[in-house]
Amino acid sequence: MSVSRARWVSAALAALGAACGVAFDAPDGAGILARERAHRPQVCCIYQELTMILSDAAGEHRVRRMRWYERRASDGSSRLLLVFVAPVDVRGAAVLLTRDAPGGARAEIYLPALGRSLGLVAGTQSAMGLVGSDFKLADLLGEAPRDFSNQREADAEIDRSMHYVVRGTPASAAAQRAGGGPRRYYLRKGDYFLVRIDFLDAQGRLARRQTFRDPKQVEPGAWQADMVLMEDFGERHRTLIKVERRVFSPEYVPPEIFSRQWLVEQRYLLVGGDSPVGP
């Protein structure tokens, strides 16, 4: 082989290797979000004590205290109970969200004054706001991957570091009606930590923004934010949720806490605090 041909072959192999490297390092939109889910804590049960701060355009603030009980099954199904414990006017109010293995979701709201739970109409429950806050019920449980088609967009620089950008588009009209409008996800390169979600309106304009702050490594390779901010640009409202305490333990999230009987009897108020069963 001549020297010139050897150089040409070498250059071609180098170009091919570089192309393969780029392809390997450039997952598509669905792959990026799948890696983000893989970097979440792989635990069955999460108990959290939360502070919610609501702020309006006039600068006035309201504070609420909540408890978060979540159980995840190996088949992909999950259950989430969010309980308000303070102030007095909201104490005992609860939201129960469940997602089955195929991805279908349903919700119930319990209001102490009524003495019973209210089942929400399927297809609209995810779009409902969370008790006067800027969060929707779908923001808490997270969307099912099948509800969106995800395309990777150009990377973006945030706080002097590069991030993947993925645009999610509702895969069906039903997903759109359930509150699943278009959105953009921003994920930190390297560890796939989700730093921001921009929720767009029908015209593609920014309507809400969810920002995940103060990330903590809770397991090797797994991160969770200790603060989550939701901003509604149309209403000029913002809601901050701060994690005061987090425990990964089934003892703090008994399976029976998700039953309708526990809702009606408000027995969920007896779980939590300084021990698995406390005030």
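Just so it is clear, the structure is predicted and the values come from calculations on it, not from any experiment.

A. Spatial organisation of the overall build of the chain. If you tally the helices and strands in the chain, you get 5 helices and 15 strands. Residue burial in the chain is summarised as follows: out of 279 residues, 42% are buried. Counted over contacts in the chain with a minimum sequence separation of 6, partners at least 24 positions apart contribute 46%.

B. Local environment of the nonpolar core. Formed by 41 residues in total, the largest nonpolar core has its most connected members in Leu 97, Leu 130 and Leu 187. For this core, the element with the most residues is strand β10 (residues 194-200), which contributes 4 residues. With sequence-adjacent residues up to four places away left out, Leu 130 is seen in contact with Met 52, Leu 82, Phe 84, Val 95, Phe 135, Leu 137 and Leu 140. One finds Cys 45, Val 85, Leu 96 and Tyr 252 within the second-largest nonpolar core, a separate group that totals 16 residues.

C. Just the packing of aromatic side chains, in detail. Inspection of the entire model under this criterion finds 3 aromatic pairs. Both rings, one in Tyr 47 and one in Tyr 252, keep their centres 5.2 Å apart while their planes meet at 35°; by these two values the pair is tilted. Placement of the pair is Tyr 47 in strand β1 (residues 45-55) and Tyr 252 in the loop between β13 (237-247) and α5 (260-265), with a sequence separation of 205 residues. Given a relative accessible area of 0%, Tyr 47 falls into the buried group. Judged by centre distance (5.4 Å) and plane angle (15°), the rings of Tyr 164 and Tyr 192 are stacked. On the criterion of sequence distance, the pair formed by Tyr 164 in strand β8 (residues 161-170) and Tyr 192 in the loop between β9 (183-188) and β10 is long-range, its members being 28 residues apart. You'll find Tyr 164 and Tyr 192 in the same group, each marked buried. Here Arg 208 stacks its cationic end above the ring of Phe 199, 4.4 Å away from the centre of that ring.

D. Quick look at the environment of Glu 265. Relative to the helices and strands, Glu 265 resides in helix α5. Each C-alpha atom of the pair Glu 265 and Pro 112 lies 9.4 Å from the other, and the pair is 153 residues apart in sequence.

E. Examining the pairing of strand β12 (residues 222-232) more closely. Most of β12 sits out of view: 9 of its 11 residues are buried. As paired strands, strand β11 (residues 206-219) and β12 are joined by 10 bridges and run antiparallel to one another. When the bridges of β12 are listed, Gln 217 appears paired with Trp 223. Where β11 hands over to β12, the hairpin turn is made up of 2 residues, of which Gly 221 adopts a positive phi near 80°. Hairpin connection of β12 to β13: 4 residues between the antiparallel strands, including Arg 236 at a positive phi of 60°.

F. Local environment of helix α2 (residues 29-38). For α2, the full list of buried residues reads Gly 29, Ile 32, Leu 33 and Glu 36. Buried residues in α2, looked at end-on, bunch into an arc of 90°, giving them a common side. In this structure, the buried residues of α2 make contact with β7 (148-158), β8, β9 and β10.

G. Here's a closer look at the confidence of the model for the chain. Confidence in the prediction of the chain, expressed as mean pLDDT, is 80, and 76% of residues score 70 or more. Mean pLDDT in the chain bottoms out at helix α1 (residues 3-24), which sits at 47, and peaks at β9, which reaches 96.

H. Geometry of unusual backbone geometry. Cis geometry marks the peptide bond from Ala 86 to Pro 87; its omega dihedral reads 0°. Looking at where Pro 87 falls in the secondary structure, it is placed in the loop between β3 (78-86) and β4 (94-99). Of note, the phi angle at Arg 160 is positive, near 65°, even though the residue is not glycine. Of note, Arg 160 is situated in the loop between β7 and β8.

I. Molecular detail of the pattern of salt bridges. With the rule as written, the count across this model stands at 14 salt bridges. Residue Arg 152 pairs with Asp 155 through a salt bridge whose shortest N-O separation is 3.1 Å. Between Asp 198 and Arg 196 there is a salt bridge, with the nearest N and O atoms lying 3.2 Å from each other. Residue Asp 198 is classed as buried on the basis of its relative accessible area of 5%. According to the relative accessible area criterion, Arg 196 is buried, its value standing at 18%.

Definitions and cut-offs
Residues numbered from 1 in each chain as written. Predicted model: local features only at pLDDT ≥ 70, side-chain atom pairs only at ≥ 80, totals over all residues. Heavy atoms only, no water. Helix = DSSP H or I, 4+ residues; strand = E, 2+ residues; numbered from the N terminus. Buried < 20%, exposed > 50% of the residue type's maximum accessible area, 1.4 Å probe, protein only. Contact = heavy atoms within 4.5 Å. Core = buried A, V, L, I, M, F, W, Y, C linked by side-chain atoms within 4.5 Å. Phe/Tyr/Trp six-rings, centres within 6.5 Å; stacked < 30°, edge-to-face > 60°. Lys NZ or Arg CZ within 6 Å of the ring centre and 35° of its normal. Pairing = 2+ DSSP bridges. Arc of directions from axis to C-beta. pLDDT = per-residue confidence, 0-100. Salt bridge = Lys/Arg side-chain N within 4 Å of Asp/Glu carboxyl O.

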